[in-house]
Amino acid sequence: MRRVIVLGSTGSIGTQALEVIAANPDRFELVGLAAGRDREGLQRQGAATGVTDLALGVDEAVQLVRSVRADVVLNGITGSVGLAPTLAVLETDAVLALANKESLIVGGRLVTDAAGPGRIVPVDSEHSAIAQALRAGVHAEVRRLVLTASGGPFRGRTRDQLGDVTPREALAHPTWDMGPMVTTNSATLVNKGLEVIEAHHLFDVPYERIDVAVHPQSIVHSMVEFVDGSTIAQASPPDMRLPISMSLDWPHRVPGVGVPLDWTRAQQWTFEPLDDDAFPSVRLAKRVGVAGGTYPAVFNAANEQAVTAFHAGRIPFLAILATVERVVDAHRPSGELSLESVLDAERWARDEADRQLAGALNE
Ligand SMILES: NC(=O)C1=CN([C@@H]2O[C@H](COP(=O)(O)OP(=O)(O)OC[C@H]3O[C@@H](n4cnc5c(N)ncnc54)[C@H](OP(=O)(O)O)[C@@H]3O)[C@@H](O)[C@H]2O)C=CC1
Ligand SMILES: CC(=O)[C@@H](O)[C@H](O)COP(=O)(O)O
Ligand SMILES: [Mn+2]
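Bear in mind the structure is a predicted one, so any value in this text is a computation, not a measurement. (Residues numbered from 1 in each chain as written. Chains lettered and ligands numbered in written order. Predicted model: local features only at pLDDT ≥ 70, side-chain atom pairs only at ≥ 80, totals over all residues.)

Please explain the sheet that holds strand β9 (residues 220-226) as it appears in this structure.
In a beta sheet, neighbouring strands pair by backbone hydrogen bonds and run either parallel or antiparallel. As summarised here, the arrangement of the five strands in space is β10-β9-β7-β8-β11, forming an open sheet in which the pairing is mixed. Whereas interior strands pair on both sides, the edge strands pair on one side only; in this sheet they are β10 (231-235) and β11 (272-273). By the bridge criterion, five bridges tie β9 to β10 in an arrangement that is antiparallel. Its bridge partner lying in β10, V224 is registered against I232. Relative to strand β7 (residues 142-149), helix α10 (residues 190-203) is tilted by about 150°, and along the sheet it contacts β7 and β8 (210-214). (Pairing = 2+ DSSP bridges. Helix = DSSP H or I, 4+ residues; strand = E, 2+ residues; numbered from the N terminus. Contact = placed C-beta atoms within 7 Å. Axes fitted to C-alpha atoms, helices over the stretch in contact; angles between N-to-C directions.)

Please clarify how the site of ligand 1 should be interpreted in this entry.
Every one of the 29 residues lining ligand 1 counts as a neighbour, but G11, G36, D38, M178 and G179 are closest to it. Every element with two or more residues in the shell around ligand 1 is listed here: α1 (12-23), α3 (58-67) and α5 (101-107). When residues in the shell around ligand 1 are grouped by element, the largest group, three residues, is from α1. (Near = placed C-beta within 6 Å.)

Honestly, the nonpolar core in this entry has me stumped. Any pointers?
As a rule of thumb, soluble globular proteins bury nonpolar side chains together. Among the nonpolar cores identified, the biggest contains 105 residues, and V4, V73 and L74 are the most heavily contacted of them. Excluding residues that lie within four positions of it along the chain, L74 makes contacts with V4, V6, L7, A17, A97, A99, V123, S247 and L248. (Core = buried A, V, L, I, M, F, W, Y, C linked by C-beta atoms within 7 Å. Buried ≥ 20, exposed ≤ 12 C-beta atoms within 10 Å, placed from the backbone.)

Is there a simple way to think about the packing of helix α9 (residues 180-188) against α10 in this case?
Between two packed helices, the angle of one axis relative to the other and the distance separating the axes together describe the packing. Following both chains from N to C, one finds α9 and α10 inclined at 95°, their axes separated by 5 Å at the closest point. The angle between α9 and α10 places the two elements in the roughly perpendicular class. The segment α9 lies against α10, with V182, N185, S186 and T188 engaging V190, N191 and L194. Considering only residue class, the contact of α9 with α10 consists of three nonpolar, four polar and no charged. (Parallel < 35°, antiparallel > 145°, perpendicular 65-115°, else oblique. Nonpolar A, V, L, I, M, F, W, Y, C, P; charged D, E, K, R; others polar.)

Sorry if this is basic, but what is going on with the site of ligand 2 here?
Neighbouring ligand 2 are D124, S125, E126, A149, S150, G152, W176, V182, S186, N191, K192 and M240. Classifying every residue of the shell around ligand 2 by side-chain character gives four nonpolar, five polar and three charged.

I tried to follow the UniProt feature "domain: 1-deoxy-D-xylulose 5-phosphate reductoisomerase N-terminal" (unreviewed entry) in the chain on my own but got confused; where do I start?
Per the UniProt record, the feature "domain: 1-deoxy-D-xylulose 5-phosphate reductoisomerase N-terminal" (unreviewed entry) sits at residues 4-47 and 53-108. Between the first and last C-alpha atoms of residues 4-47 the distance is 17 Å; the span itself is 48% helix and 27% strand. Secondary structure content for residues 53-108 is 46% helix and 20% strand, while the C-alpha to C-alpha distance between its ends is 30 Å. (UniProt positions renumbered as here; feature names shortened; annotations may be inferred.)

For this particular structure, what's the right way to read unusual backbone geometry?
Backbone phi values are negative for most residues with the exception of glycine, while trans is the configuration of most peptide bonds. Of note, the bond from W250 into P251 is cis; its omega dihedral lies within 30 degrees of zero at 5°. Residue position: P251 is located in the loop between α11 (241-248) and β11. Of note, the phi angle at L189 is positive, near 75°, even though the residue is not glycine. Turning to its location among the elements, L189 is positioned in the loop between α9 and α10. Accessibility expressed as a C-beta count within 10 Å gives 30 for L189, which makes it buried.

Structure follows, in structure tokens:
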């Protein structure tokens, strides 16, 4: 029986994790829940599950992780605010089931150094797919990782056709039902850029050997190409309960958690190259990933600011990445990577993004 804490329990990942746990009482015992602002939702979850260790906000989430013994903590918080809970989990003996990719991206080596082997199990569908393909421990034979991308709601459009897309259109993801930040990041392809950096840290593969292929059906969740020319892909209908369940009981599979593909039905899986001109996010993310240090934190923080401004109706869609690029270009890293330098860089990037956004509005 694995004792589980779920952080971000009121969100898309959190509620699906609670479903998986409730459906498997012989495997999982829920021992703690943390949300952000939704006090009533959290209390409802506590009443429904009988869990009494409840936390609201990121500081209480950190306290929860430190005070309640768990075998696995799922970090399903959204945004780089999830960094402190990620580091707190790694101070305990619990496995970190990581949905909050932002904490790994902004923390980089701070997170990977704090984590011993096997301490982080990815929840992100692409990285779960790769971890599953690597379960046999064949890392030395890997030639490249290929992350699949749905292409988002604007796949196939030229840059000119992206000028007037609305927040509502950006939130209409073709295959996944997720929270607003990650959904918007899918529309800009920033999500795929973040996932390239995430893959680099999780699997220790250099950036030049991590590729992206657009696969609109979101059935092949990612692939590992090996030195002999063989490729192992993980495929299943798009349902996060599968990677969530694997992260909670890694390396075991939880029977019945997902519905298998229907091989009696005709179906087509298609793959196409990413259009880097219309969607330059992955190219920029690789650049900041290679630069390392505080660059990924700056990239992510500027993006969080710009996405918020887009949803407030303050800037057009294309201004999101343009702002991120300008903030990244203006960044001057100082000193060694540390928690302090990451937090300083993030603060600077948020201010600089706001300054750029205000300037753009006054032009
Ligand atoms: N949804 C998905 O299918 C996938 C998500 N991910 C990643 O998982 C993470 C969560 O995404 P998703 O579930 O979609 O997001 P949601 O927006 O649906 O949920 C976010 C959760 O984080 C909580 N939260 C927000 N801010 C804080 C804070 N300051 N302190 C504590 N808790 C906070 C929210 O609480 P409250 O509601 O109370 O404010 C909510 O429970 C993201 O990193 C995302 O990129 C990765 C792959 C797939
Ligand atoms: C389900 C999941 O893992 C998301 O991160 C997903 O990858 C988003 O879809 P895109 O491929 O459109 O970014
Ligand atoms: Mn993903």
